[in-house]
Number of protein chains: 2
Amino acid sequence: MSAYFTEDGSVEAVNGRMSADANPRLAEIMASLVKHLHAFAKETKLTPEEWEVGIDFLTKTGQICSGERQEFILLSDTLGFSMLVDAINNRRPTGATENTVFGPFHVPNAPVREMGTNISLDGKGEPCLFEGRVLDLDGNPIEGARVDVWSDNADGYYDVQQPHAQPKWNNRGIFVTGSDGRYSFVGIKPVSYPIPDDGPVGQMLGYLGRHPYRPAHMHYLVTAPGFQKVVTHTFVGDDPYLQSDTVFGVKDTLIAPFERGTDNQTAWRSPFDFVLVPVHRAESISCNEDQRA
Amino acid sequence: MSAYFTEDGSVEAVNGRMSADANPRLAEIMASLVKHLHAFAKETKLTPEEWEVGIDFLTKTGQICSGERQEFILLSDTLGFSMLVDAINNRRPTGATENTVFGPFHVPNAPVREMGTNISLDGKGEPCLFEGRVLDLDGNPIEGARVDVWSDNADGYYDVQQPHAQPKWNNRGIFVTGSDGRYSFVGIKPVSYPIPDDGPVGQMLGYLGRHPYRPAHMHYLVTAPGFQKVVTHTFVGDDPYLQSDTVFGVKDTLIAPFERGTDNQTAWRSPFDFVLVPVHRAESISCNEDQRA
């Protein structure tokens, strides 16, 4: 082989240049990235003009990023990459609650509220009672689990997107379970909304003939001492975008019932139990899952 | 298979979402990109924390770009991607002059100069006579070929990098061949220099234990009616960075002799012939090369 770069030996030419002193994990990641990126160029016979378009796209994607906007995360989300990274790192046994994308709208340290509290502070939307239990794999209630919830309002915006138009902590709260493992709160039946689509990623979706909508969902971050963190949503089962979530976040097991409520206070009721996996079982369970796959 | 995203079916979930109306070439490129990016994540079992570092790197790479700086091209160059795209698109028969990276420092419409002109206008560096012929594959001289040349100065900077410290068009010029196909000009023996390494790409190179240097080279853009454009460099054969060009631009056939000159005017002499491929032979020759590979 030539001592220099060749088309056939392109991967070896680049990866052979890394120092033996480089961080081993960084070296592993970069070597894999170079291999797969070169395979992409070879498979498509990418032209210089096409790559110029790509460079321009990446540049614009970086330049639109700001404190309030992360277009590369949108890109990762819309190419299914975020969901894939989440899936690879959160393989769980059957019966455990599955993860989905975290999204950019979580705010840490929301107020801890009494069970049953109404978190919709702007009075918009259809009230919905969310309730259920936090359980272990054997069905035992978990005490002291923190159920951190957040959703958009009836107009399809999170409070942080409209800091002047929505009350602070609108549609957010943390609920801590007692010995029965139960949680409950009143929110609104969430509504579907588009991701920000006025930038390069929105343009990409347009060229691919894809819409920018996410089906309606309620966000949950459920934590409990000794258990793996669950980052997930529950989805409204009759949403027209369920099959075409632009960030691929929907899973069969996360579609929750939304039933008409039995009292006047709550127009809807959505029951859902969270099943958590112990931290110490994560490794072996993950391996079993691998073998079954 | 689930109607929704799964780890195993991640590629199909994303690519199945593209509209049948999308531009077929764009759809082909995006489908391949998604396939290879997902394979990368699966192979490395990329963690969310690692991907956060990646998102941050891509964002910074975009944000440092300006009218004068293109960090994504640097990234592409230093990962061998630019050279690969060039190689895929410029397969040529044995004997033809090979391409290498264009680089960011070409300026169109340089002055057309008389053969033999000294293009080093700042008086720095070791003078060198560059001379040779532009030929077709049968060794016949090509008349009317435009040999567009550019190099850094003896301090390692192109004129456009130092608009106030260097004369305009320093170390640049276009030479048009006569019926003998000959070109000649006096420049300087080029010097090696680092690519801009004070940004994210320089940091990446540092983490990988790689230096940012390019071996000394003279740039050429050679065009002639009826022939394929050649974008290339000639390299100084005794440069210490020849084997480790940070953008992988060196090819065996592009290393030029640099000999001590025979007169006092030019301390060095570097002869090099350019061999061009007819435009109309490009397709079939490229296919033959494919079969031989």
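Each remark here, short or long, concerns the structure printed above.
On a predicted model such as this, the values are computed, not experimentally measured, just so you know.

Of the residues lining the interface, 76 residues belong to chain B; the matching set on chain A comes to 75 residues. Both faces combined, the contact of chain B with chain A buries some 7000 Å², and carbon together with sulfur accounts for 65% of it. Summed over the shared surface of chain B and chain A, the number is six salt bridges. Close ionic contact of Lys35(A) with Glu43(B) constitutes a salt bridge, the shortest N to O distance being 2.7 Å. Linking chain B with chain A are 30 residue pairs in polar contact (both at pLDDT 80 or more), by the criterion used here. Of all the secondary-structure elements, those providing two or more residues to the side of chain B that touches chain A are helix H1 (10-15), helix H2 (24-44), helix H3 (48-63), helix H4 (71-78), helix H5 (81-89) and helix H6 (200-207) of chain B. Among the elements that take part in the side of chain B that touches chain A, H2(B) stands out by supplying 18 residues, more than any other.

Moving on: the packing of aromatic side chains. For the structure shown, the criterion picks out 33 aromatic pairs over all chains. For the pair Tyr158(B) and Tyr193(B), a centre-to-centre distance of 5.5 Å together with 90° between the ring planes defines the contact as edge-to-face. With Tyr158(B) in the loop between strand E2 (146-150) and strand E3 (172-176) and Tyr193(B) in strand E5 (residues 193-194), the pair connects residues that are 35 residues apart, well separated along the chain. Given the relative accessible area of 0%, Tyr158(B) is considered buried. Here Tyr193(B) falls in the buried class, since its relative accessible area comes to 6%. Here the aromatic residues Phe130(A), Phe175(A), Tyr183(A), Phe185(A), Tyr220(A), Phe258(A), Phe272(A) and Phe274(A) are joined through ring pairs into a cluster of three or more. The ring of Trp268(A) carries Lys189(A) above its face, with NZ or CZ at 4.1 Å from the centroid.

What counts and what doesn't
- By convention here, each chain's residues receive numbers from 1 onward along its written sequence.
- Here every chain gets a letter starting at A, and every ligand a number starting at 1, in the order they are written.
- Thresholds applied to this predicted model are a pLDDT of at least 70 for local features of residues and 80 or more for the giving and counting of side-chain atom pairs; totals over whole chains, interfaces and linings are not thresholded and use all residues.
- Only hydrogens and water are removed before side-chain values are computed, so all heavy atoms of the structure are retained for them.
- Any two residues having at least one pair of non-hydrogen atoms within 4.5 Å are treated as being in contact.
- Accessible area that two parts lose when put together, with a 1.4 Å probe and added across both, is what the buried area reports.
- Counted as salt bridges are all cases of a side-chain nitrogen of Lys or Arg within 4 Å of a carboxyl oxygen of Asp or Glu.
- In the analysis that follows, any N or O atom pair within 3.5 Å is treated as a polar contact, provided that within protein one partner can donate a hydrogen and the other can accept it, and provided that, for residues neighboring in sequence, both atoms belong to side chains.
- Secondary structure elements are taken from DSSP: a helix is a run of H or I of four residues or more, a strand is a run of E of two residues or more, and numbering for both begins at the N terminus.
- Centres within 6.5 Å are what make two rings of Phe, Tyr or Trp a pair, Trp counting through its six-membered ring; a difference in plane orientation under 30 degrees is then read as stacked, over 60 as edge-to-face, and the rest as tilted.
- Per-residue accessibility, obtained with a 1.4 Å probe over protein chains only, is compared with the maximum for each type, and a residue is labelled buried under 20%, exposed over 50%, and partly exposed between these values.
- Here, a charge over a ring is recorded when the distance from Lys NZ or Arg CZ to the ring centre is within 6 Å and its angle to the ring normal is within 35 degrees.

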